[in-house]
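# Analysis of the macromolecular model
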Amino acid sequence: MKTLILGAGIAGLSSAYAQQQRGDEVEILEAGEGVALDTSFGNGGLMTPNLCEPWNQPGISKLMIPALFGGKNSMMRIHPKALPSLAIWGLKFLRSSSQAQFLASSEAQYRLSTYSQDLTRALLQEQGFDIKYQNNGMLQVFRDQASLDHAEGIHKQYDSFGLEYEVLDKAGALTREPHLQHSADSLVGGIYYSDGSRGECPMFCEQLSALLQSRGAVLRTGCRVEKLLFEKGLAVGVMTNQGEVKADRVIVALGNAAPALMRTAGVNLPVRPAKGYTITVPVDADLPKTIMLDVGLHIGIIPIHADNTLRIGGGAEFALMDKTFYDRYAESSYGNVEQTLPHLVPHLMRDQAKSWAGLRPVTFDGKPLIGASKVENLYVNGGLGHMGWTQGMGAGEMLADIIAGSQTAIDPTPYRLDR
């Protein structure tokens, strides 16, 4: 049985691994010149189930106005030019922000994330992959009591599905991360997660790709999919810039490119691109020991101890790329660090910093799209948004079970394409 995988990011390679483990002949097509060069390349590196809440939390409509006007510290920003493409998707986004749907989506995200994280860690241990892995915990930082109380209320609802966390006052937060002493005057407390890990997704993808190929998988890079091929209503392969490629089944794991391709099969995927961004800067001083998410600034500050760098990540931006973006984001990032870790600012080696921006495929309810389409032998593994690195292996394994007709480890219903 031959399975054709479209896309060599974390979703595609995870599906390739799961199918190969079940005895399939696997061929992977990637438009880029290597694996994990798009959204999977420059992510923040967080690999944790604790960020399980979708963006459309109850009351999200109140945040849309500052998002439209580009509020500096909005959790998301929406460029007016992006509005037409967001119209129908945006209505679904708002309709999915009820309390019940928010909690259900959070649980679904948590279940898939914990399942996937276990699979990823098992593979890391089995194969000895070097991905600069560390698990030193994660701390959400709060600078006003109302925000901390609100977050604590949400987390109490997560007790029903087992998310582990610790609510801290100022003293507790400073104990967990002494580096915050330098901005303690504006700190009221935090929420700490002992399971806060990170690793380099591109490094993982490169090593997983090498493993797959050593076991017989075929990887074609520079291979751009032009259209799906059908015979008698069945998906039988694709036409590419390198010619036809036939297979017994096709898995579409193309991120933001998936909706356009799937529309040719009469399948609508409710996915829209949201810009994510990071800057990675070397530091000639001791790093914090924990990952920090500054809630008020909507940024993550991620210490990478293997090479003594900080990675600073931002929120969601529904907007197009532009040539001035990188310089603007770099200055914004350094300003955020100055508020959270001011003592490190003189030690940032800015001339060696690397910026990245990419478009993450986001669904209207925050949950990925994993399963069979209405076209026989055509499957989707996509819409993982900002959780792709955390959920990739689990998504690939669950889809493989669905294809095989096997019992899945977690309920696949929340991730169906036709929900």
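All told, the structure shown has five aromatic pairs when counted by the stated rule. Residues Tyr110 and Phe161 carry aromatic rings whose centres are separated by 5.3 Å and whose planes lie at 45° to one another, so their mutual orientation is tilted. With Tyr110 in helix α4 (residues 99–127) and Phe161 in the loop between α5 (145–158) and β7 (166–169), this residue pair connects regions lying 51 residues apart in the sequence. Judged by its relative accessible area of 12%, Tyr110 falls in the buried class.

The strand order across the open sheet formed by six strands is β10-β2-β1-β14-β22-β21, and the pairing between neighbours is mixed. Edge positions in the sheet fall to β10 (218–221) and β21 (369–372), since each has one partner strand and no second. Strand-to-strand twist across the sheet, computed as the mean angle between neighbouring axes with direction ignored, equals 20°. Sheet analysis places strand β2 (residues 25–30) next to β10, joined by four bridges and oriented parallel. Bridged to Glu30 within β10 is Thr221.

Our next topic: the nonpolar core. Nonpolar side chains tend toward joint burial in soluble globular proteins. Among the nonpolar cores identified, the biggest contains 37 residues, and Leu13, Ile28, Phe129, Phe204, Leu208 and Leu212 are the most heavily contacted of them. The set of elements that each furnish at least two residues to this core consists of α1 (10–21), β2, α4, α7 (201–214) and α10 (388–404). Ignoring any residue separated from it by four or fewer positions in sequence, one finds Ile28 in contact with Ile5, Gly7, Ala8, Leu13, Ala16, Leu212, Val218, Leu219 and Arg220. Formed by 25 residues, the second largest nonpolar core is a distinct cluster that contains Ala173, Ile301, Val337 and Val345.

Our next topic: the layout of surface pockets. Of the voids in this model, the second largest pocket is the one considered here, and its volume is about 410 Å³. For the lining of the second largest pocket, the elements supplying multiple residues, two or more each, are α7, β15 (271–282), β18 (309–313) and β20 (354–363). Across the lining of the second largest pocket, the residue classes break down as six nonpolar, six polar and five charged.

This next bit is on the pattern of salt bridges. Here the structure, examined in full by the defined rule, presents 17 salt bridges. A salt bridge links Arg249 to Asp24, with the nearest nitrogen and oxygen atoms 2.6 Å apart. Of this pair, Arg249 sits in strand β14 (residues 249–252) while Asp24 is found in the loop between α1 and β2, placing the two residues 225 residues apart along the sequence. Under the relative-accessibility criterion, Arg249 is labelled buried at 11%. With a shortest N-O distance of 3.3 Å, Lys246 and Glu231 are connected by a salt bridge.

The next thing to look at is the packing of α1 against α10. The relative placement of two packed helices is expressed as an angle between their axes plus a distance between the axes. Viewed as axis vectors pointing N to C, α1 and α10 meet at an angle of 40°, and their least axial separation amounts to 8 Å. With respect to α10, the axis of α1 lies oblique. For α1 against α10, the interelement crossing comes out right-handed. Contacts from Ile10, Ser14, Ser15, Tyr17, Ala18 and Gln19 of α1 reach α10 at Gly388, Trp389, Gly392, Met393, Gly396, Glu397, Leu399, Ala400 and Ile403. Among the residues forming the contact of α1 with α10, the class breakdown is eight nonpolar, six polar and one charged.

This part is about the sheet that holds strand β3 (residues 46–47). Neighbouring strands of a sheet are bound in pairs by backbone hydrogen bonds; such pairs are parallel or else antiparallel. With respect to topology, three strands assemble into an open sheet ordered β3-β9-β5, the strand pairing being antiparallel. Single-partner strands in this sheet number two, and they are β3 and β5 (134–135). In this sheet, strand β9 (residues 197–198) lies alongside β3 in antiparallel orientation, the contact comprising two bridges. The residue of β9 that forms the bridge with Leu46 is Arg198.

The subject of this paragraph is the pairing of β18. The side chains of a regular strand alternate, residue by residue, between the two faces of the sheet. The element β18 is largely enclosed, with a buried count of five among its five residues. Alternating positions in β18 separate into two faces, Thr309, Arg311 and Gly313 on one and Leu310 and Ile312 on the other, with burial throughout. Note that β15 and β18 share five bridges and pair antiparallel. Bridging from a neighbouring strand, Thr278 pairs with Gly313 of β18. When strand β17 (residues 299–304) meets β18, the two strands line up antiparallel, connected through five bridges. If you follow Ile304 over to β18, its bridge partner there is Thr309. Linking β17 to β18, which pair antiparallel, is a turn of four residues; within it Asn308 sits at a positive phi near 50°.

The rules behind each value
- Residues numbered from 1 in each chain as written.
- Predicted model: local features only at pLDDT ≥ 70, side-chain atom pairs only at ≥ 80, totals over all residues.
- Heavy atoms only, no water.
- Phe/Tyr/Trp six-rings, centres within 6.5 Å; stacked < 30°, edge-to-face > 60°.
- Helix = DSSP H or I, 4+ residues; strand = E, 2+ residues; numbered from the N terminus.
- Buried < 20%, exposed > 50% of the residue type's maximum accessible area, 1.4 Å probe, protein only.
- Pairing = 2+ DSSP bridges.
- Axes fitted to C-alpha atoms, helices over the stretch in contact; angles between N-to-C directions.
- Core = buried A, V, L, I, M, F, W, Y, C linked by side-chain atoms within 4.5 Å.
- Contact = heavy atoms within 4.5 Å.
- 1 Å grid on protein atoms, 1.4 Å probe; cavity = no way out; pocket = protein on both sides within 12 Å on 5 of 7 lines; lining within 4 Å.
- Points joined across faces, edges and corners; volume = space filled by probe spheres on them.
- Nonpolar A, V, L, I, M, F, W, Y, C, P; charged D, E, K, R; others polar.
- Salt bridge = Lys/Arg side-chain N within 4 Å of Asp/Glu carboxyl O.
- Parallel < 35°, antiparallel > 145°, perpendicular 65-115°, else oblique.
- Left-handed = near helix turned anticlockwise from the far one by under 90°.

Note that all results are geometric; they support no functional claim without further evidence.
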